[in-house]
Amino acid sequence: MFARFTDSARRAFVRAGTIALDAGAPAVRTGHLLLALAELRPFAGPLDSFAIAPEAVREHVDTGRSRELLATLGIDADAVCARARRGADDPALWRLRRSRVNPLRVTLLGPLGALPLEPYLRKTVEVAQWRPGPVTGERLLWGLLADAANGTARILYGGGVDLPALVAEAGIPVHRPSRAA
């Protein structure tokens, strides 16, 4: 499923998976992907209207408490992760697979483990791949914003992002109901 992803979009998706693994989450969630997009900004252009800091997103995403707990013991979790993961965050080592038995189950597989995608994130990927062409960071953002129920728009709005400007700048299609004459 990663075949159509650009390198930067694939790197952001793998980063979302490592965020989920660090948090001890049972699945990769939309919040993990939003945080990865805020950290890496894998967009073709500057996308100035995506003006949200990773810290603002992190407040809404469960990233686990392991860093805090290890810090109380004098252990630098970032240094440990850097040594343990040397080369494991290479997007070429990761795969996104749909189950043959259960086509609604999509799993991110890599050297650090396997994590299923939550249903909202699976839908995000499907929306991002809906149109022909490569899956870019903008397309992943489109997928996240396509379903208001996943909370992405609420996080962005709360972080001060002008959503109509973001939608226009990212080229996200907007459905406008037709008016009867």
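Here's a quick rundown of the structure. Just so you know, these numbers come straight off a predicted model, no measurement behind them.

Okay, the overall build of the protein next. The helix and strand inventory of the protein stands at nine helices and three strands. Secondary structure elements of the protein occur, N-terminal to C-terminal, as α-α-α-α-α-β-β-β-α-α-α-α. Taken over the C-alpha trace, the protein has a radius of gyration of 17 Å; the compact-globule value for 181 residues is 16 Å, and the two agree within 12%. Taken across its 181 residues, the protein has 43% of its residues classed as buried. Contacts in the protein between residues at least 24 apart in sequence constitute 59% of all its contacts with a sequence separation of at least 6. Computing the positive centroid from 24 side-chain charges and the negative centroid from 18, the protein places the two 8 Å apart.

Another aspect to go through is the sheet that holds strand 3 (residues 113-116). Reading across the sheet, the three strands line up as 1-2-3 and stay open at both edges, with antiparallel pairing between neighbours. The sheet terminates laterally at strand 1 (95-98) and strand 3, the two strands that pair on one side only. Each adjacent strand pair in this sheet contributes to an overall mean axis angle of 25°, direction not counted. Docked against the sheet, helix 1 (residues 7-23) engages strand 1, strand 2 (106-110) and strand 3, running at close to 95° with respect to strand 3.

We now examine the side chain of Asp147. With respect to the helices and strands, Asp147 occurs in the loop between helix 7 (137-145) and helix 8 (152-158). If sequence neighbours within four positions are ignored, Asp147 has contacts with Tyr120 and Lys123.

Bringing the nonpolar core into the picture now. Core analysis: the biggest nonpolar cluster contains 46 residues, and Phe13 and Phe50 have the highest contact counts within it. Contributions of two or more residues to this core are made by helix 1, helix 2 (30-40), strand 2, helix 6 (119-128), helix 7, helix 8 and helix 9 (163-170). If you tally residues by element for this core, the top one is helix 1, at seven residues. If sequence neighbours within four positions are ignored, Phe13 has contacts with Phe2, Phe5, Leu33, Leu96, Leu108, Leu117, Leu121, Val125 and Leu140.

Parameters and conventions
Residues numbered from 1 in each chain as written. Predicted model: local features only at pLDDT ≥ 70, side-chain atom pairs only at ≥ 80, totals over all residues. Heavy atoms only, no water. Helix = DSSP H or I, 4+ residues; strand = E, 2+ residues; numbered from the N terminus. Rg over C-alpha atoms; globule rule 2.2 N^0.38 Å. Buried < 20%, exposed > 50% of the residue type's maximum accessible area, 1.4 Å probe, protein only. Contact = heavy atoms within 4.5 Å. Lys, Arg positive; Asp, Glu negative; His and termini not counted. Charge placed at Lys NZ, Arg CZ, Asp CG, Glu CD. Pairing = 2+ DSSP bridges. Axes fitted to C-alpha atoms, helices over the stretch in contact; angles between N-to-C directions. Core = buried A, V, L, I, M, F, W, Y, C linked by side-chain atoms within 4.5 Å.

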